[in-house]
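Here is how the chains run, residue by residue.
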Amino acid sequence: CDWSSDVCSSDLLAEFLASGVHCRRNVHVARRGQAEQALEKMDLRAGQRILIHAGAGGVGHYAVQLARARGAHVIATASTPNMDFVRSLGADEVID
């Protein structure tokens, strides 16, 4: 498993590896966890606006969905080929 392109804390990574869950699953759990943690720290609430960079990326695509689920107005950046995908995740506005 190549973790070089995935950002997560070493403690979190160790916990996931010890759980015996498949490597790719661990990456997805870690990325979703990063998005959840960021939104928690921001205390993001319904009606607030949030800008998420790289909305189609590994953490960004979770952040878009989680922010939308909290009732936030989601603005995300994405490359032209990914704009429709990011809208489908729930972004209210997508910036190329």
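Above this text is the structure in question.
**Comments concerning helix H3 (residues 60-69)**
In step 1: H3 sits mainly inside the fold: 7 of its 10 residues count as buried.
In step 2: Taken together, the buried positions of H3 are occupied by Gly-60, His-61, Tyr-62, Ala-63, Val-64, Leu-66 and Ala-67.
In step 3: Gly-71 sits one or two residues past H3 and shows a positive phi near 90°.

**What to know about the nonpolar core**
In step 1: Ranked by size, the top nonpolar core spans 19 residues in total, and within it Ile-50, Ile-52, Val-64, Ala-67, Val-74, Val-86 and Ala-91 carry the most contacts.
In step 2: Of all the secondary structure elements, the ones that give two or more residues to this core are helix H2 (23-42), strand E1 (49-52), H3, strand E2 (73-77) and helix H4 (83-89).
In step 3: Ranked by residues supplied to this core, first place goes to H3 with 5 residues.
In step 4: The residues touching Ala-67, leaving out its near neighbours within four places in the chain, are Leu-39, Leu-44, Ile-50, Ile-52, Ala-72 and Val-74.

**Thoughts on the pattern of salt bridges**
In step 1: Using the criterion set out here, one finds 5 salt bridges in the structure.
In step 2: Close ionic contact of Glu-93 with Arg-49 constitutes a salt bridge, the shortest N to O distance being 3.6 Å. With a gap of 44 residues between them, Glu-93 in strand E3 (residues 93-95) and Arg-49 in strand E1 connect regions that are remote in the sequence.
In step 3: Its salt-bridge partner being Arg-68, residue Asp-92 comes within 2.3 Å of it at the nearest N-O pair. You can see Asp-92 sitting in the loop between H4 and E3 and its partner Arg-68 sitting in helix H3, a full 24 residues away along the chain.
In step 4: With a relative accessible area of 34%, Asp-92 lands in the partly exposed category.

**A few points about the sheet that holds E1**
In step 1: Spatial strand order, E1-E2-E3: 3 strands in an open sheet with parallel pairing. Edge strands, defined here as strands with exactly one partner in the open sheet, are E1 and E3. The average angle at which neighbouring strand axes cross in this sheet is 20°, direction not considered.
In step 2: Along the sheet face, H3 touches E1 and E2 and points at about 170° away from the line of E1.

Criteria and cut-off values
Residues numbered from 1 in each chain as written. Predicted model: local features only at pLDDT ≥ 70, side-chain atom pairs only at ≥ 80, totals over all residues. Heavy atoms only, no water. Buried < 20%, exposed > 50% of the residue type's maximum accessible area, 1.4 Å probe, protein only. Helix = DSSP H or I, 4+ residues; strand = E, 2+ residues; numbered from the N terminus. Core = buried A, V, L, I, M, F, W, Y, C linked by side-chain atoms within 4.5 Å. Contact = heavy atoms within 4.5 Å. Salt bridge = Lys/Arg side-chain N within 4 Å of Asp/Glu carboxyl O. Pairing = 2+ DSSP bridges. Axes fitted to C-alpha atoms, helices over the stretch in contact; angles between N-to-C directions.

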